[in-house]
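In case you want the letters, here they are:
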Amino acid sequence: VAAKVRDEAADVRSRAAAAADRFFNDLQRQLDSRSGHLADVGTAATRIWSSAVTLRLGPPGDLIGEYEFAQMLNEVLRGDRASELLDCAVVVARAINRHCVQGTYTGWPDGPLGIGNRQSDKKDTTFRGGALRRDLIDWFAPGKKYRTNMFVASSFRRAAAEKFECRAGASVDKDPVRWVFKFEHERCLHVNFLRPGAESTCTNELEFLLTPGSVLVVESVQRSSSLHDAPHEIRVRVSPDNALEPLDLPVAPWC
C-alpha cells in the first residue's frame, strides 16, 4: 500500500511539473520580439498579465483546476506571506507598474463620444464583474476609504464586465457583484489602459488596470433584491494620487 501511494504521489508530481512547463512555454509565446513586445518591460509584463493561457492541474473540463497567470499573481499578492514566490510576484508587479504608474495614458474612458481607445460606455467610468463573499459585503460601507490588495482590472464596457460576474447560486458563500469605478478626468496616476495587441493579448475586454495599493472610496452599495435578475452593485471613487493618501488606511479583504 505504501509503495502504491508513493508511486501515485510521484505520478501526480510528474504531471504537475509537465503542466507547469507547458504553461510557462505558452506564456512565453505571448511575447514576440519581432513585434517589439520585449522592448519595454511594462509591455511584456502586461501581456503576460492579460494572457488567457491556463495552467491545468485538474482533469479536462474541470474549471476549478484551471488558473490564469493574473489569478495566481493576485493570489500571492493578497496573501502577502514572505516567500520566494512573493519576491518573484513583487518583481512582476513592479514591471506592470512601469506601464500603469505614469502620466501618459494609452486610453481613457471618455464616454460614448470618445474616439478609439477613449470610447467607453460612460465618461470617466469603468466596470468590473465578479463574486464577493456574502460576509464581506457589509465591509464595503458607503464612505469607507481603503487600499486595494491586488491589481484590479475593470473595463470600459459594461458587457465585458458582466462576463466575469458569477451566476447567482453558483457558490455557497459568494454572490455576484458589479463594481463601478468613477475617475477624476485624466488625473489618476496609477491606472492605464491595456491596448489590444500591444499591452494586452485580449481583443474585447478593453481593460483599465489599477495597481495594488490604489485608494478607493465607497460611494454607494446597492443590494440586489433578486440576484438572478441583477447583481449587487458597489460604486467607488478612485483617488487620483495614492501618494497623497494616508498609509494606514484599511486594506480591502477583496475587490
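Above this text sits the structure in question.
Keep in mind that this is a model prediction, so the values were computed, not measured.

### Some thoughts on the overall build of the chain
No. 1: Within the chain, the regular secondary structure consists of five helices and 10 strands.
No. 2: In terms of overall dimensions, the chain is globule-like: its C-alpha atoms have a radius of gyration of 19 Å, near the 18 Å expected for 255 residues.
No. 3: Each principal axis of the C-alpha distribution contributes one length, and for the chain these read about 65 × 50 × 35 Å.
No. 4: Expressed as a percentage of the 255 residues in the chain, the buried residues total 42%.
No. 5: Counting contacts in the chain only where the partners sit at least 6 residues apart, residues at least 24 apart contribute 72% of the total.
No. 6: Mean positive and mean negative side-chain charge positions of the chain (34 and 34 charges, respectively) differ by 1 Å.

### Section: the pairing of strand 3 (residues 125-133)
No. 1: With seven of nine residues buried, strand 3 is to be regarded as a mostly interior element.
No. 2: Pairing analysis gives nine bridges linking strand 3 to strand 6 (residues 174-182), with the strands arranged antiparallel. Bridged to Gly-130 within strand 6 is Val-177.

### Digging into the environment of His-185
No. 1: Its location among the elements puts His-185 in the loop between strand 6 and strand 7 (191-193).
No. 2: By relative accessible area, which is 37% here, His-185 ends up partly exposed.
No. 3: Separated by 62 residues in the primary sequence, His-185 and Lys-123 place their C-alpha atoms 8.5 Å from one another.
No. 4: For His-185, the side chain forms a polar contact with the side chain of Trp-108, separated by 3.4 Å.

### Some remarks on helix 2 (residues 41-50)
No. 1: Across the 10 residues that make up helix 2, a large majority, eight, are buried.
No. 2: Among all positions in helix 2, only Gly-42, Thr-43, Ala-44, Ala-45, Thr-46, Arg-47, Trp-49 and Ser-50 are buried.
No. 3: Tucked inside the fold, the buried residues of helix 2 contact helix 3 (69-79), helix 4 (84-100) and strand 8 (207-210).
No. 4: N-cap assignment for helix 2: the residue whose side-chain oxygen lies 3.0 Å from the backbone N of Gly-42 is Asp-40.

### Let's talk about the packing of helix 2 against helix 4
No. 1: Here helix 2 crosses helix 4 at 110°, and the two axes come no closer than 7 Å. With respect to each other, helix 2 and helix 4 are oriented roughly perpendicular. Note on packing geometry: the crossing formed by helix 2 with helix 4 is left-handed. Residue-level inspection shows Val-41, Gly-42, Ala-45, Thr-46 and Trp-49 of helix 2 in contact with helix 4, the latter providing Val-92, Ala-95, Ile-96, Arg-98 and His-99.
No. 2: When the residues that make up the contact of helix 2 with helix 4 are grouped by side-chain class, the tally is six nonpolar, three polar and one charged.

### Things to note about the side chain of Glu-165
No. 1: Structurally, the position occupied by Glu-165 is in the loop between helix 5 (158-162) and strand 6.
No. 2: For Glu-165, a relative accessible area of 17% gives the class buried.
No. 3: A polar side-chain atom of Glu-165 sits 3.0 Å from a polar atom in the side chain of Arg-178.

### Overview of the packing of aromatic side chains
No. 1: Using the criterion set out here, one finds 11 aromatic pairs in the structure.
No. 2: Relative to Trp-108, the ring of Tyr-105 lies with its centre 4.8 Å away and its plane at 65°, an arrangement referred to as edge-to-face. Taken as a pair, Tyr-105 and Trp-108 share a single burial class, namely buried.
No. 3: Between the aromatic rings of Phe-140 and Tyr-146, the centroid separation amounts to 5.5 Å while the plane-to-plane angle is 75°, which identifies the pairing as edge-to-face.

### Structural notes on the state of the cysteines
No. 1: Following the criterion strictly, the structure yields zero disulfides and no others.
No. 2: As a non-bridged cysteine, Cys-188 has Cys-100 as the owner of its nearest cysteine sulfur, 9.9 Å distant.
No. 3: Left unpaired, Cys-202 is separated from the closest cysteine sulfur, that of Cys-100, by 15 Å.

### A word on unusual backbone geometry
No. 1: In this structure, Asp-124 is a non-glycine residue whose phi angle is positive, near 55°.
No. 2: As for its placement among the helices and strands, Asp-124 is situated in the loop between helix 4 and strand 3.
No. 3: Taking the relative accessible area as the measure of exposure, Asp-124 reaches 8% and is therefore buried.
No. 4: Even without being glycine, Leu-206 reaches a positive phi, approximately 50°.
No. 5: Mapping Leu-206 onto the fold places it in the loop between strand 7 and strand 8.

Reading the values: the criteria
Residues numbered from 1 in each chain as written. Predicted model: local features only at pLDDT ≥ 70, side-chain atom pairs only at ≥ 80, totals over all residues. Heavy atoms only, no water. Helix = DSSP H or I, 4+ residues; strand = E, 2+ residues; numbered from the N terminus. Rg over C-alpha atoms; globule rule 2.2 N^0.38 Å. Buried < 20%, exposed > 50% of the residue type's maximum accessible area, 1.4 Å probe, protein only. Contact = heavy atoms within 4.5 Å. Lys, Arg positive; Asp, Glu negative; His and termini not counted. Charge placed at Lys NZ, Arg CZ, Asp CG, Glu CD. Pairing = 2+ DSSP bridges. Polar contact = N/O pair within 3.5 Å; in protein donor to acceptor, adjacent residues only side chain to side chain. Axes fitted to C-alpha atoms, helices over the stretch in contact; angles between N-to-C directions. Parallel < 35°, antiparallel > 145°, perpendicular 65-115°, else oblique. Left-handed = near helix turned anticlockwise from the far one by under 90°. Nonpolar A, V, L, I, M, F, W, Y, C, P; charged D, E, K, R; others polar. Phe/Tyr/Trp six-rings, centres within 6.5 Å; stacked < 30°, edge-to-face > 60°. Disulfide = S-S within 2.5 Å.

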